[in-house]
Amino acid sequence: MKFGDTLKGKEAEGKEKHVPAIEVGKGKGEAGADMVHVVVGKEVPHPNTTEHHISWVELYGVKKDGQVIDLGCSAFAPSYTNPNVRFQVPVEQFQAFCALAYCNIHGLWEDCIEV
Ligand SMILES: [Fe+2]
């Protein structure tokens, strides 16, 4: 088994939504900074209880030369904070963004977008 085999994507979605949605907001941050928005459960909220919640979301960027950069990770307090986070990123340096989201019951979920 490879670590990548543990990652699930849109094809594995059931009624509960886990795939992190990634949106780029060029110039949408403070002082015109570029932002990358990552949210789990954008259309169908994921449960957010102590028993069942999204623990963290991590964003990676793939630079134009192929180098992968870990851009940041955000951890959430179940029942208090929702998996909805914005990262300030110089978008023009990247060709793609990928995100991971971890559900304490349903495991690791991924998605990538090209920019
Ligand atoms: Fe879940």
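Residues numbered from 1 in each chain as written. Predicted model: local features only at pLDDT ≥ 70, side-chain atom pairs only at ≥ 80, totals over all residues. Heavy atoms only, no water.

All right, on to the pattern of salt bridges then. Applying the stated criterion across every chain yields a total of 2 salt bridges. Among the salt bridges present, the one from Lys42 reaches Glu23, with a minimum N-O distance of 2.2 Å. Taken together, the residues Lys42 in the loop between strand 2 (35-40) and strand 3 (54-63) and Glu23 in strand 1 (residues 20-25) connect sequence positions 19 residues apart. Given a relative accessible area of 36%, Glu23 falls into the partly exposed group. (Salt bridge = Lys/Arg side-chain N within 4 Å of Asp/Glu carboxyl O. Helix = DSSP H or I, 4+ residues; strand = E, 2+ residues; numbered from the N terminus. Buried < 20%, exposed > 50% of the residue type's maximum accessible area, 1.4 Å probe, protein only.)

Counting 17 residues, the largest nonpolar core has Val36, Val38, Val57, Leu59, Phe87, Val89 and Phe97 as its most contacted members. The set of elements that each furnish at least two residues to this core consists of strand 2, strand 3, strand 5 (84-88) and strand 6 (94-103). Of the residues forming this core, the biggest block, 5 residues, is contributed by strand 6. If we ignore the near neighbours within four places in the chain, the residues touching Val57 are Val38, Val40, Gly72, Cys73, Ser74, Phe76, Pro83, Val85, Leu100 and Ala101. (Core = buried A, V, L, I, M, F, W, Y, C linked by side-chain atoms within 4.5 Å. Contact = heavy atoms within 4.5 Å.)

Overall, antiparallel pairing links the 4 strands, which are arranged 4-3-6-7 in an open sheet. Each edge of the open sheet carries a strand with a single partner, namely strand 4 (68-75) and strand 7 (107-114). Direction aside, the axes of adjacent strands within the sheet are offset by 15 degrees on average. Relative to strand 7, strand 6 is paired through 8 bridges, and the arrangement is antiparallel. Note on strand 7: the bridge partner recorded for Tyr102 is Leu108. (Pairing = 2+ DSSP bridges. Axes fitted to C-alpha atoms, helices over the stretch in contact; angles between N-to-C directions.)

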